[in-house]
Amino acid sequence: MKKKIITLIIGTLAIFIWNAVSWTVLPLHSNSLNNIPDSVIDQQTFKSQLPESGIYHYPGLPEDYSEESIERIEKKLAEGPRITFMAYTNGSTKLFEMKAYAFNLAFNFISVLLLLFIVSKQHLKSLPNVLVTTISIGLLISFMSDLPQMNWFMFPLNYTLPNILDHLVSFTLLGLIFGSYTFKTKS
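Now for a description of the structure that goes with this document.

About the thresholds
Residues numbered from 1 in each chain as written. Predicted model: local features only at pLDDT ≥ 70, side-chain atom pairs only at ≥ 80, totals over all residues. Heavy atoms only, no water. Helix = DSSP H or I, 4+ residues; strand = E, 2+ residues; numbered from the N terminus. Rg over C-alpha atoms; globule rule 2.2 N^0.38 Å. Buried < 20%, exposed > 50% of the residue type's maximum accessible area, 1.4 Å probe, protein only. Contact = heavy atoms within 4.5 Å. Lys, Arg positive; Asp, Glu negative; His and termini not counted. Charge placed at Lys NZ, Arg CZ, Asp CG, Glu CD. Phe/Tyr/Trp six-rings, centres within 6.5 Å; stacked < 30°, edge-to-face > 60°. Expected span 1.5 Å × (residues − 1). Patch = residues over 30% accessible without salt bridge, like charges linked within 9 Å, V, L, I, M, F, W, Y side chains within 5 Å. Areas by Shrake-Rupley, 256 points an atom, 1.4 Å probe, with all protein chains shown as cover. Salt bridge = Lys/Arg side-chain N within 4 Å of Asp/Glu carboxyl O. Axes fitted to C-alpha atoms, helices over the stretch in contact; angles between N-to-C directions. Parallel < 35°, antiparallel > 145°, perpendicular 65-115°, else oblique. Left-handed = near helix turned anticlockwise from the far one by under 90°. Nonpolar A, V, L, I, M, F, W, Y, C, P; charged D, E, K, R; others polar.

**Comments concerning the overall build of the protein**
1) Next: Counting secondary structure elements, the protein contains 6 helices and 2 strands.
2) Next: When the elements of the protein are put in sequence order from the N terminus, they spell out α-α-β-α-β-α-α-α.
3) Next: The C-alpha radius of gyration computed for the protein amounts to 21 Å, which surpasses the reference 16 Å derived for 187 residues by more than 25%, pointing to a less compact arrangement than a globule.
4) Next: Based on the C-alpha atoms only, the size of the protein along its principal axes is roughly 70 × 35 × 30 Å.
5) Next: The proportion of buried residues among the 187 residues of the protein is 26%.
6) Next: The contacts of the protein with a sequence gap of at least 6 include a subset with a gap of at least 24, amounting to 76%.
7) Next: Within the protein, one finds 14 positive and 13 negative side-chain charges whose respective centroids are separated by 27 Å.

Here it is in structure tokens:
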């Protein structure tokens, strides 16, 4: 039990540190995130037209899926622009809020806990087997989440690949921790 608690702490810190490095030190994510110039945004229009925080897209979906409604949307799509996914918060926020870091640590802890549970139920006896299992789960997440979002929301490849890499590096780190410490068999 002590080994598993230590594993949870080390694993949580390992993926938290990897994500910090991935997002702030390496240019993986910053290369694909572009700022919208202030001249494009009229804050008063946003606040009056989008009073609620949420996920928005433009030109949107047809109102009633009638032929006319579909044609109107297709015409707008042909002319552009298209915004497939915009997370909008109406109100003040902070750039680097400590609460966000705390939540991320909690999400990482739960992720490590769930992965540790899954791997422990497999009764794996070697580091290579643990690694194959954890990396496979990282790939599964990528195929279930990142690639469909790229497909449906038209996320560019240079945005999607760093997210996939984050999963694979995180799950590889956890596989190494699990396989070399937690589930290490006695020789």
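Picking up where we left off.
**Points about the packing of aromatic side chains**
1) Next: If you walk through the whole model with that rule in mind, you get 8 aromatic pairs.
2) Next: Pairing Phe155 with Tyr159 gives two aromatic rings, centres 5.2 Å apart and planes at 80°, and the pair type is edge-to-face.

**Observations concerning helix α1 (residues 2-25)**
1) Next: Counted at 1.5 Å a residue, the expected span for α1 with its 24 residues is 34 Å, and the 33 Å between its end C-alpha atoms agrees.
2) Next: By the burial criterion, the buried members of α1 are Thr7, Leu8, Gly11, Thr12, Ala14, Ile15, Trp18, Asn19 and Ser22.
3) Next: Along its buried surface, α1 packs onto α4 (98-120) and α6 (157-182).

**Looking at unusual backbone geometry**
1) Next: In this model, Tyr58 is joined to Pro59 through a cis peptide bond whose omega is 10°.
2) Next: The topology assignment puts Pro59 in the loop between β1 (54-58) and α3 (67-79).
3) Next: With an omega dihedral of 0°, the bond running from Gly80 to Pro81 counts as a cis peptide bond.
4) Next: The backbone phi angle of Tyr65 is positive, close to 60°, even though this residue is not glycine.
5) Next: Tracing the chain through its elements places Tyr65 in the loop between β1 and α3.
6) Next: Tyr65 sits in the exposed class, given a relative accessible area of 54%.
7) Next: Positive phi is not limited to glycine here, since His123 has a value of about 55°.

**Regarding a negative patch on the surface**
1) Next: A cluster of like negative charges, contributed by Glu63, Asp64, Glu67, Glu68, Glu71 and Glu74, occupies part of the molecular surface.
2) Next: Tracing the backbone shows Glu74 in helix α3.

**Points about the packing of α1 against α6**
To describe two helices that pack against each other, one gives the angle between their axes and the distance between the axes.
1) Next: Packing of α1 against α6 leaves a shortest axis separation of 10 Å and a crossing angle of 155°. Relative to α6, α1 is oriented roughly antiparallel. In this structure, the crossing between α1 and α6 has a hand that is right-handed. Residues Lys3, Lys4, Ile6, Thr7, Ile10, Gly11, Ala14, Ile15, Trp18, Asn19, Ser22 and Trp23 of α1 touch α6, and the partners they reach there are Asn163, Asp166, Val169, Ser170, Leu173, Leu174, Ile177, Phe178, Tyr181 and Thr182.
2) Next: Residue composition of the contact of α1 with α6, by class: 12 nonpolar, 7 polar and 3 charged.

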